[in-house]
Structures are given as structure tokens and as C-alpha cells.
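The residues making up each chain are set out below.
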Amino acid sequence: MQLASCVRAQFLRRERRLTAQLRRYQATAAYVSSHTAQPAGEPQAKPSVTKPQRQSRLQQQEATAWPGVDFSSLHSQSPSVRVRQHVNPFTPTLQIPVPPLDWNSIYADACRPLAIDIGCGPGRFPLALAAHMPAYNVLGIDIRAKLLERATAWTELVGCQDRIHFHTANATVSLHSMLSSYPGPIKLFTVQFPDPHWKLRNRKRRIVQPQLVAAVAHLIAPEGQVLLQSDVQEVVASMRDAFEFHGQGAFAPAQAHSQQDAVFLTDQMTVEPLPKDSLQRQAWRSSWQDAGWLQHNPLGVPTEREVHTLENKAPVYRVLLSSLKNS
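Bear in mind the structure is a predicted one, so any value in this text is a computation, not a measurement.

This part takes up the sheet that holds strand E6 (residues 251-253). Ordered in space as E3-E2-E1-E4-E5-E9-E6, the seven strands form an open sheet in which the pairing is mixed. Pairing within the sheet leaves two strands with one partner each, and these edge strands are strand E3 (164-168) and E6. Pairs of neighbouring strands in the sheet enclose a mean axial angle of 20 degrees, with direction left out of account. Across six bridges, the pairing between strand E5 (residues 225-230) and strand E9 (residues 317-323) is antiparallel. Looking at E9, one finds that Ser230 is bridged to Tyr317. Taken strand by strand, helix H6 (residues 145-158) contacts strand E2 (137-142) and E3, and its axis lies near 165 degrees from that of E3. The sheet strands contacting helix H9 (residues 233-246) are strand E4 (186-192), E5, E6 and E9, and the helix crosses E5 at an angle near 155 degrees.

What follows concerns the packing of helix H8 (residues 210-219) against H9. Their axes nearest at 9 Å, the elements H8 and H9 cross at an angle of 65 degrees. Considering how the two elements wind past one another, H8 and H9 form a crossing that is right-handed. For the pair H8 and H9, the contacting residues are Pro210, Leu212, Val213 and Val216 in the first and Ala242, Phe243 and His246 in the second. Its residues placed into classes, the contact of H8 with H9 shows six nonpolar, one polar and no charged.

About the thresholds
- Residues numbered from 1 in each chain as written.
- Predicted model: local features only at pLDDT ≥ 70, side-chain atom pairs only at ≥ 80, totals over all residues.
- Heavy atoms only, no water.
- Pairing = 2+ DSSP bridges.
- Helix = DSSP H or I, 4+ residues; strand = E, 2+ residues; numbered from the N terminus.
- Axes fitted to C-alpha atoms, helices over the stretch in contact; angles between N-to-C directions.
- Contact = heavy atoms within 4.5 Å.
- Left-handed = near helix turned anticlockwise from the far one by under 90°.
- Nonpolar A, V, L, I, M, F, W, Y, C, P; charged D, E, K, R; others polar.

Here's what the structure looks like:
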């Protein structure tokens, strides 16, 4: 009996491992297919791009996508930085919740509405958003400290350090503790093009987790909004499903999704639950999937990845949620 049990356990472990590998292969194949689609004919190899060409292309992108910010001047006055693309969010220092910040020492007027970009990266989007929404304070959160050091230097060069703040933190852990003391209304959260973490065992590293959804639901002001977007369909569908399932009725698709010419549908409007998910989650199905993906960025300000994706004529999948809180 013991031998039979051991054999069965080994078989089940192997079956789970093979199933996980198959899921990873399918996700990777779908991603590669969506990003390398070419017209009929012989596939053409992409020519190599030199560093000066990359810099010239970046300058053109900055001038076109964010005309309200003179990035060419900022680059000339601040050093370039090199950082690791991936940082482990389970690093012990990133698992300690950040205490409430002294908002009155950060912003000139801490009672202004606040817009928060979770996973802000280099910081171009928060800078451009602040120029686009002058009545708002803007907060950028990321776990890569070196990027935020340069972004903070940019705010000082632009002279808007009293309206824009960058803070190094793991938003999944620290969002509630950081922002619970903010005196003004928190009107906008954005999670844009997060790391997809393809491997199943790394899905726990994704930004949007139940803890973060609960924090956003608690902090967001009445009529506040949440923008989710990615060039990976499965990632944004997973984020949207997390806000619907774990948000406990605090959100709904924004009015923009009700305009038929403003959205598009695809063949992967939802994602399958993981084997480790609860029975309730496995039985649950999204009621928001029929709302579709927004055709255009509702904020009118793109991120770096969004600019790159659209230049390559690849789709961007967007969801805009509205808070259902009563005033």
C-alpha cells in the first residue's frame, strides 16, 4: 500500500509539473505570436540598432509623446542610470510596510486630489501627467530606487517638486500604510504594463494581488478611477478579474466602456483560475468581460511601454474602473 501511494504521489507531482510547463509554453507562444505577427511572405529579420540610434529614437518619442516636458534638457542635466529589469518584491526590506508619509512637507497643498502611478518605472508618465492635470498632486511608486532618484532629480530641474513625489516601496505591501494619512481625496490609481511574470510559480510577484485591491478599494475617493492596461492580454484580464473578485463591489467598469465604438473585444476576455485558487474563485466567472477593452488611453498621457507598443502597431488592452463609493 505504501509503495502504491508513493507511486501515485510521484505521478501526480509529475502531472502537475507537466501541466504547469504546458501553461507556460502556451502563454509564451501566445505572447510571441501577438508581438511578431507579420504580413504574408518571407519574414524579415530586424536590423540591429546602435546606441546612438536608440537615443535618437527615444528623443523623438519624448518630444512627440510628452510635449509638455522638455526631456532633452533633463537628460543633459542629469546622469543616465542602469538598473536591473527585475527586482524581487519579496526582498525583506520591501516586505516592511512604509509608515505614513508627512504629506504637508511633500506637497505645497496636500489637500489637492492625488493621482498615483503604481509601478511608475523611469517616471516620465508621472511628470507628463502632472503637466496634463495641473490641479492634481502626483505620486509615483516603484521598487527600483535608482530610477526614482533620477526621477526626483527631474522634478527639481522642472521645478515641480512640490506637486510630484516619487517613493520607493512595494505597493502591494505598503499602499494602505503610506496613503491612509493623505488629507485630500485620492482620485486616480494607475497600474500600467506591469511585469507579466510568466512562470506560474512567479504569479505571486505580480503587482495586483488581493491585498492591493483591498487597499485601493479602501483609499479611493467617491467617483475615483482605476486605469489598468498592458500589451499582454492575459495580464490585464487577470488584473481586471482581481478587482472584480476581490473588490467586493467597490468598482464597476467606467461609463466609457458603454460606448460601442470606444471598445473592442477579443477571444480571451477572461483568464482561467489557477489550480491553487479557492473553490469559490475556480467556480467564479467575470461579469465585466463583456465591457471590452478601451480603444484609446482615457487620460491622454502614454507610458514609455505604451509608446513603444503603439509604434510597433501592437494592441494595448485597457480597462477603466470607477469607484462606487458614496460621497
